Amino acid sequence: MIEHVLTHLKKSQPSLKEVFLRSDNAGCYHCGPLMLAIPSMSRRIGVTIRRYDFSDPQSGKDICDRRIATIKSHMCRYLNEGNDINSASDMKRALDSYGGVKGCCVAVVNVDMARKETEHQKWTGIQFYKNFEFQRSGIRVWKTYGIGKGKQIHNQGIKRMARAARKNWSNCTRRI
């Protein structure tokens, strides 16, 4: 999803060079595979992802909550007029109806698993880090941004995590 959004941002704003991401602590975003894939994603898209910051639990979602309220009411209007929403494509059709939701761009994205570059990386303790800074030498992480120097994970350490994950993954698939 992030790659799709950034690809479309880059197309609409070719001068875009770098971004700073922020999200809540949803497990699909706050995980090792995504954090370890960000450097290669940046190279593919041509936009440098400098930082990825996660809000504290139950904090920082007020903007998203306000936006989703508008989106939900737009979908309710669509439903109340006798339409159904049973799939992602139906949801897109609903959100695009009546001229769409102002300031909202909707897409249905199919995930191409053939392009998958990483397996299930194990990054022990990743849930304790809230701030990630992507540098040429690796990834610097903080439990709380600006408190201390953070912890530097050098590119060699990242490669070791990826190798260990591939080894564990192949051991798992042999057992199946």
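See the structure above.
Below is a short write-up of the structure. (Residues numbered from 1 in each chain as written. Predicted model: local features only at pLDDT ≥ 70, side-chain atom pairs only at ≥ 80, totals over all residues. Heavy atoms only, no water.)

### Details of the overall build of the protein chain
Piece 1. A tally of regular secondary structure across the protein chain gives five helices and five strands.
Piece 2. Taken from N to C terminus, the helices and strands of the protein chain fall in the order α-β-α-β-α-α-β-β-β-α.
Piece 3. Sorting the 176 residues of the protein chain into buried and exposed places 32% on the buried side.
Piece 4. A sequence separation of at least 24 residues applies to 56% of the contacts in the protein chain between residues at least 6 apart.
Piece 5. Accessible surface, the protein chain: about 12000 Å² in total, of which carbon and sulfur atoms supply 54%. (Helix = DSSP H or I, 4+ residues; strand = E, 2+ residues; numbered from the N terminus. Buried < 20%, exposed > 50% of the residue type's maximum accessible area, 1.4 Å probe, protein only. Contact = heavy atoms within 4.5 Å. Areas by Shrake-Rupley, 256 points an atom, 1.4 Å probe, with all protein chains shown as cover.)

### Digging into helix H4 (residues 88-96)
Piece 1. The complete set of buried residues in H4 reads Asp 90, Ala 94 and Leu 95. Buried residues along H4 cover an arc of 130 degrees about the axis, so they all sit on one side.
Piece 2. Just beyond H4, the residue with positive phi is Tyr 98, at close to 55 degrees. (Arc of directions from axis to C-beta.)

### Focus on the packing of aromatic side chains
Piece 1. Counted by the stated rule, this structure contains two aromatic pairs.
Piece 2. A ring pair is formed by Tyr 52 and Phe 54, whose centres lie 4.7 Å apart and whose planes are at 15 degrees; its orientation type is stacked. Judged on exposure class, the residue Tyr 52 and its partner Phe 54 are both buried.
Piece 3. With a centroid separation of 5.8 Å and 80 degrees between ring planes, the pair formed by Phe 54 and Phe 132 is classed as edge-to-face. (Phe/Tyr/Trp six-rings, centres within 6.5 Å; stacked < 30°, edge-to-face > 60°.)

### Structural notes on the side chain of Ser 97
Piece 1. In this fold, Ser 97 is placed in the loop between H4 and strand S3 (131-135).
Piece 2. Leave out the neighbours within four places in its chain, and Ser 97 touches His 74 and Tyr 78.

### Focus on the sheet that holds strand S4 (residues 138-142)
Piece 1. Taking strand neighbours across the sheet as the criterion, the five strands line up as S1-S2-S3-S4-S5 in an open arrangement whose pairing is mixed. Strands with a single pairing partner mark the edges of an open sheet, and in this sheet they are strand S1 (18-23) and strand S5 (151-154). Each neighbouring strand pair of the sheet contributes to a mean axis angle of 20 degrees, computed without reference to strand direction.
Piece 2. Pairing geometry for S3 and S4, over five bridges, is antiparallel. Bridge assignment links Phe 134 to a residue of S4, and that residue is Ile 139.
Piece 3. Of the strands in this sheet, strand S2 (48-54), S3 and S4 are in contact with helix H2 (residues 32-45), which crosses S2 at around 155 degrees. (Pairing = 2+ DSSP bridges. Axes fitted to C-alpha atoms, helices over the stretch in contact; angles between N-to-C directions.)

### Digging into unusual backbone geometry
Piece 1. At Tyr 98, a residue that is not glycine, the phi angle is positive and equals roughly 55 degrees.
Piece 2. Within the secondary structure, Tyr 98 is located in the loop between H4 and S3.
Piece 3. A relative accessible area of 37% places Tyr 98 in the partly exposed class.

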